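Inside the fold
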Amino acid sequence: MNKVILMGRLTRDPEVRYSQGENATAVARYTLAVDRRFNRNNDEQTADFINCVAFGRSGEFAEKYLHKGTKIAVTGRIQTGSYTNKDGVKVYTTDVVVEDQEFAESKNASGQAGGDYAPAGRTQSAPVAAGDGFMNIPDGIDEELPFN
């Protein structure tokens, strides 16, 4: 089984290209900085930098919504490859082919500009944590809940 689950922050904006041909496909490449759980031998590097590639709709999503510093969770698979560079040296590559990607924190928590998504015609009021650790549901939203 080849399954990878990562959570980290983008080190730069995704680089997106489109394949040639009738059905152009988005190919987004980005690098995730994934924190290590612990430090060995006082190593200064506390993160691993993992190359990721997303195809099709996932690539389009990355192009539109992902930016440097965004914290995301990615599931996918490891893919290795190789090529010969212009100097005739064989270069080996390892990438995570993204199968699913999602935000791992809110826009407000990541410090990006803008507010949370609110459906048209509605205002977004921030839920407040109650003393029991649960978030209070803002007034007027209860009709949208699947249970009452």
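Residues numbered from 1 in each chain as written. Predicted model: local features only at pLDDT ≥ 70, side-chain atom pairs only at ≥ 80, totals over all residues. Heavy atoms only, no water.

A look at the overall build of the protein
Assigned secondary structure in the protein consists of 2 helices and 6 strands. Residue burial in the protein is summarised as follows: out of 148 residues, 21% are buried. The contacts in the protein between residues at least 6 apart in sequence include a share of 52% that link residues at least 24 apart. Carbon and sulfur atoms form 49% of the exposed surface of the protein, whose accessible area is close to 11,200 Å². (Helix = DSSP H or I, 4+ residues; strand = E, 2+ residues; numbered from the N terminus. Buried < 20%, exposed > 50% of the residue type's maximum accessible area, 1.4 Å probe, protein only. Contact = heavy atoms within 4.5 Å. Areas by Shrake-Rupley, 256 points an atom, 1.4 Å probe, with all protein chains shown as cover.)

Considering the side chain of T70
Summarising the element assignment, T70 is placed in the loop between α1 (57–65) and β5 (71–84). Within polar-contact distance, the side chain of T70 engages the backbone oxygen of H67 at 2.8 Å. (Polar contact = N/O pair within 3.5 Å; in protein donor to acceptor, adjacent residues only side chain to side chain.)

Looking at the pattern of salt bridges
Counted by the stated rule, this structure contains 5 salt bridges. For R9, the salt bridge is made with E105, and the minimal N-O distance between the two is 2.8 Å. Taken as a pair, R9 in strand β1 (residues 4–10) and E105 in the loop between β6 (90–103) and α2 (107–110) lie far apart in primary sequence, 96 residues in all. Judged by its relative accessible area of 21%, E105 is partly exposed. Of the charged contacts, one joins R29 and D95 as a salt bridge, the two residues approaching to 3.7 Å between their closest N and O atoms. Placement of R29 in strand β3 (residues 26–35) and of D95 in strand β6 is noted, with a sequence separation of 66 residues between them. By relative accessible area, R29 is classed as partly exposed at 38%. (Salt bridge = Lys/Arg side-chain N within 4 Å of Asp/Glu carboxyl O.)

Considering the confidence of the model for the protein
Per-residue confidence for the protein gives a mean pLDDT of 82; residues scoring 70 or more make up 72%. Of the regions scoring below 50 in pLDDT, residues 112–127 engages in 18 contacts with residues more than four places distant in sequence or in other chains. (pLDDT = per-residue confidence, 0-100.)

Focus on α1
Buried within α1 are the following residues: S58, G59 and A62. Projected down its long axis, α1 shows its buried positions confined to an angular sector of 105°, all on one face. Away from the buried face of α1 by more than 90 degrees, exposed residues R57 and K64 are located. Next to the buried residues of α1 lie β2 (15–18), β3, β4 (47–55) and β6. (Arc of directions from axis to C-beta.)

Overview of the pairing of β5
Across 6 bridges, the pairing between β1 and β5 is antiparallel. Along β5, the bridge assignment pairs G8 with I72. With 13 bridges connecting them, β5 and β6 associate as antiparallel partners. Bridging from a neighbouring strand, T84 pairs with K90 of β6. The turn joining β5 and β6, which pair antiparallel and follow one another in sequence, is formed by 5 residues; a positive phi near 80° is taken by G88. (Pairing = 2+ DSSP bridges.)

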